[in-house]
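Structural features, examined
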Amino acid sequence: MKERLLEKVESAVAKLLAEAGDSGAAPAVSLEVPRQAEHGDFACNAALVLAKRLKQPPRQIAERLMEALASGDGLIERMEVAGPGFVNVWLAEARWHDLLTRILAAGPEYGRATPETKRSIQVEFVSANPTGPLTLGHGRQAVLGDCIARLLEAVGHDVTREYYFNNGGRQMRVLGESVKARYLEALGRAAPPRAQSLASPDAEWPEQIDGLPVVFPKDGYQGEYIAEIAASLCERFGDTKVDESAEGLFREAAETKIFGEIQETLKRLDIAFDVYTNEKSFYDDGKIEETIAALRERGLVYEQDEAVWLKATELGLDRDRVIVKRTGEPTYLLPDIAYHRDKIRRGFDCIIDVQGADHIEQFPFVRDSIAALGADPSRIELVMHQFVTLTQGGTQVKQSTRRATYVTVDDLIADVGADVFRFFMVQRRAEGHLDFDLDLAKDTDWKKNPAYYVQYAHARTCGVERKAGEQGIALPEAASVDASPLVLSEELALLKKLAEFPDVVSDAAAAREPHHIAYFLREVAGLWNPYLQDGVHHRILSDDPALTSARLGMAAAVRTVLANGLQLLGITAVEQM
RNA sequence: GCCCCGGUAGCUCAGCUGGAUAGAGCAGCGGCCUUCUAAGCCGCGGGUCGCAGGUUCGAGUCCUGCCCGGGGCGCCA
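Only a predicted model underlies this, so the values are computations on that prediction, with no experimental measurement involved.

The rules behind each value
- Residues numbered from 1 in each chain as written.
- Chains lettered and ligands numbered in written order.
- Predicted model: local features only at pLDDT ≥ 70, side-chain atom pairs only at ≥ 80, totals over all residues.
- Heavy atoms only, no water.
- Domains from an automatic or database assignment.
- Pairing = 2+ DSSP bridges.
- Helix = DSSP H or I, 4+ residues; strand = E, 2+ residues; numbered from the N terminus.
- Axes fitted to C-alpha atoms, helices over the stretch in contact; angles between N-to-C directions.
- Contact = heavy atoms within 4.5 Å.
- Phe/Tyr/Trp six-rings, centres within 6.5 Å; stacked < 30°, edge-to-face > 60°.
- Buried < 20%, exposed > 50% of the residue type's maximum accessible area, 1.4 Å probe, protein only.
- Salt bridge = Lys/Arg side-chain N within 4 Å of Asp/Glu carboxyl O.
- Near = heavy atom within 4 Å.
- Polar contact = N/O pair within 3.5 Å; in protein donor to acceptor, adjacent residues only side chain to side chain.
- Parallel < 35°, antiparallel > 145°, perpendicular 65-115°, else oblique.
- Nonpolar A, V, L, I, M, F, W, Y, C, P; charged D, E, K, R; others polar.
- Arc of directions from axis to C-beta.

**Examining the domain arrangement of chain A**
Assigned domains of chain A: these are domain 1 (2–91), domain 2 (97–115 + 445–568) and domain 3 (169–268). Taking only C-alpha atoms, the centre of domain 1 and the centre of domain 3 are 69 Å apart.

Laid out in structure tokens, this is it:
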């Protein structure tokens, strides 16, 4: 519909340019759905864009554009020149009625697209190290990354979801030490540090308490889950592992257990990764050495203060960075460069890193380093997101990662369910802070909850269709539905809204911004729920068979769009509530 | 001090890569509705789009400077 109109506009523009003897490339013109319905179904800015090229007042060009657009093909109902030189266009009602057939025929495919060039895209997200349960920040990233992946799939690309985690560094060593300390404490071989010592990094830290050594690391993981892992080791092994190193059994036991739980959490959110990559593998297969050698060959590496540095200033960055510490252990940066190099080599056309605001500083170093090693940096994108705050009863809920007194993704899923969780996490644009309103999310009467509002619109539609079935009314076939009885303004408004869906999807995919889908669905539900509710002025199931059939067709079209949109957000399109 | 992200209605936020009179939900107030599934409809109030310049036919949107909030600036990840 819009495409047909756009084609007409483009050829009209070409005609005007040709008449003016201008053989240059035609400028990009847009067709927008105006904010106000009085401005037509579409507003075209072509005359404004052309004004300079043709050296004529925009309104005058708009008049000529209208003449060029006028033809008897039944697409356009009427046009007007408005404002500074917009051409407002109203399409013939019958064209909107055609749309209904198209939506019903497309079904689950409506809104999906086939790209001009199919690309292979990797989306890396979550990537939390297995040191504890997923936090709300991870939860936001999980939903964001998965929705971006779903959008890219919907517009026809090959998508790989990947999770990268670090299981080699200091963090994991501290994890092992924390578990071992709790193990020894459980066996009475060590004393737990005092609460006030744990509360603050500056607090006093006695080496012994009541004659027992304090072995818990100062920056150890304080969460209850650590003690639970230790307790299960006690149960399995008794005191036979007191001499085992923290690096070995304890670290591995913790990693296995915690990573398993993270995967369970992701499963609850209906998120499945295709590939898990860990840092250790790059040590094992020599990619770390290879990367450092390549950087060295490019003259980007030097040694100073017994450490190995990356000469990032030579790449135009603001400072150099250590890539191998004095201890001989690489920093996080080096494996990250090796990892991204590996991604490029795996042949993805596009690599999308989804990262939290605390990680973004790292990105230019990685990107510019692998660019220096010959990779095309335009193939790597960063999608950044800000943190999540939790509000309950009008005040912020305090989160402390250090003390492990934070609300986890699992906690919230248990409270509000995966569907509401996903909706709330994806409904804001990523660059902004996200305020998770717990009261709203778990509102039991569901009056204000936007997630339920959309789901309900879908369920309610299914309800009407069920009722039609009970009354022996056949649901219309896509090919045979006659939508012409749909003449009410609210019905046409709905059809026009549904027509926007494919554009909304492709724009959201191109911008990597799934929140547009959430807003769009809210708008559709905002038109549809009132329509259904007002069963006095317009009932779907009426005495008039033609009208009933048309309205059932519209209901099916709305249901289709809601279901397809919810699918893009990974939210269940429930049939009954 | 430097870098990144925000600042739009009482609150939480959209604003489609520069378009017309800046929108939604919630909260408040006043009416109506009782239904195909409850969560419905209409109206009202509420805004110097952080501030000041600039770019142009046109700026919430782009540029510059400043103010406020968050995050970062490690031989942590």
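Once you've had a look at it, read on.
**Observations concerning the sheet that holds strand β9 (residues 275–278)**
Spatially, five strands are ordered β9-β6-β5-β13-β14 in an open sheet, and the strand pairing comes out parallel. On the outer flanks of this sheet lie β9 and β14 (380–385), each paired with one strand and no other. Strand after strand, the sheet turns through a mean of 25° between neighbouring axes, direction not considered. Pairing analysis gives four bridges linking strand β5 (residues 120–124) to strand β13 (residues 350–356), with the strands arranged parallel. Counterpart to glutamate 124 in the pairing with β13 is aspartate 353. Along the sheet face, helix α12 (residues 333–345) touches β5, β6 (158–165), β9, β13 and β14 and points at about 155° away from the line of β5.

**Regarding the packing of aromatic side chains**
Going through the model one piece at a time under the given rule, you end up with 19 aromatic pairs. Between the aromatic rings of tyrosine 163 and tyrosine 276, the centroid separation amounts to 5.5 Å while the plane-to-plane angle is 45°, which identifies the pairing as tilted. With a gap of 113 residues between them, tyrosine 163 in strand β6 and tyrosine 276 in strand β9 connect regions that are remote in the sequence. Taking the relative accessible area as the measure of exposure, tyrosine 163 reaches 0% and is therefore buried. With 5.3 Å between their ring centres and 40° between their planes, phenylalanine 424 and phenylalanine 436 make a pair best called tilted.

**As for the pattern of salt bridges**
Taken as a whole and assessed by the stated rule, the structure comprises 36 salt bridges. Here arginine 64 ties to glutamate 19 by a salt bridge, and the two come within 2.8 Å at their closest N and O atoms. On the criterion of sequence distance, the pair formed by arginine 64 in helix α3 (residues 58–69) and glutamate 19 in helix α1 (residues 2–19) is long-range, its members being 45 residues apart. On the basis of relative accessibility, which here comes to 23%, the residue arginine 64 falls in the partly exposed class. Residue arginine 268 is joined to aspartate 410 by a salt bridge in which the shortest nitrogen-to-oxygen separation is 2.5 Å. With arginine 268 in helix α9 (residues 246–268) and aspartate 410 in helix α14 (residues 409–416), this residue pair connects regions lying 142 residues apart in the sequence. Given the relative accessible area of 42%, arginine 268 is considered partly exposed.

**Notes on the protein's contact with RNA strand B**
Neighbouring RNA strand B are 65 residues; Phe86, Arg429, Tyr456, Tyr519 and Arg539 lie closest to it. In RNA strand B, atoms within 4 Å of the protein come 63% from sugar and phosphate. In the environment of RNA strand B, a sugar or linking oxygen lies 2.8 Å from a nitrogen or oxygen atom belonging to the side chain of arginine 428. Within the backbone of isoleucine 540, a nitrogen or oxygen atom sits 2.7 Å from a base nitrogen of RNA strand B. Only α2 (46–54), β4 (86–91), α6 (170–186), α17 (450–470) and α20 (515–533) provide two or more residues apiece to the surface near RNA strand B.

**Considerations on the sheet that holds strand β3 (residues 76–82)**
Taken in spatial order, the four strands make up an open sheet running β1-β2-β4-β3, and their pairing is antiparallel. Lying at the two open borders of the sheet, with one neighbouring strand each, are β1 (31–32) and β3. Strand direction decides the pairing type here: β3 and β4, joined by six bridges, are antiparallel. Bridge pairing in β4 links alanine 82 to phenylalanine 86. Of the strands in this sheet, β3 and β4 are in contact with α3, which crosses β3 at around 170°.

**Some remarks on the packing of α6 against α9**
One way to put it is that α6 packs onto α9 with a least axis distance of 8 Å and a crossing angle of 100°. By the angle between their axes, α6 is roughly perpendicular relative to α9. Across from Met172, Arg173, Leu175, Gly176, Glu177, Val179, Lys180 and Tyr183 in α6, the residues of α9 making contact are Ala246, Glu247, Phe250, Arg251, Ala254, Glu255 and Ile258. The class makeup of the residues in the contact of α6 with α9 is eight nonpolar, one polar and six charged.

**Focus on the side chain of serine 178**
Secondary-structure assignment places serine 178 in helix α6. Apart from the residues within four sequence positions on either side, serine 178 is in contact with Phe216, Pro217, Gly220, Tyr221 and Ile226.

**Focus on the environment of alanine 37**
Mapped onto the secondary structure, alanine 37 falls in the loop between β1 and β2 (42–44). Note on alanine 37: relative accessible area 62%, which makes it exposed. Note: C-alpha distance between alanine 37 and leucine 486 (449 residues apart in sequence) is 18 Å.

**Details of the environment of arginine 341**
Among the structural elements, arginine 341 can be located in helix α12. As for arginine 341 and glycine 565, which are separated by 224 residues in sequence, their C-alpha atoms are 35 Å apart. Those residues within four positions of arginine 341 in sequence are excluded, and the remaining contacts are Glu290, Thr291, Ala294, Ile370 and Leu373.

**What to know about helix α11 (residues 287–297)**
For α11, the complete set of buried residues consists of Ile288, Thr291, Ile292, Ala294 and Leu295. Down the axis, α11 shows its buried residues gathered within 160° of arc, on one side only. Along α11, exposed side chains directed more than 90 degrees from the buried face belong to Glu289 and Glu297. Contact partners of the buried residues in α11: α10 (279–284), β10 (301–304), β11 (307–310), β12 (321–324), α12 and α13 (362–372). The first or second residue beyond α11 is glycine 299, which carries a positive phi of 75°.

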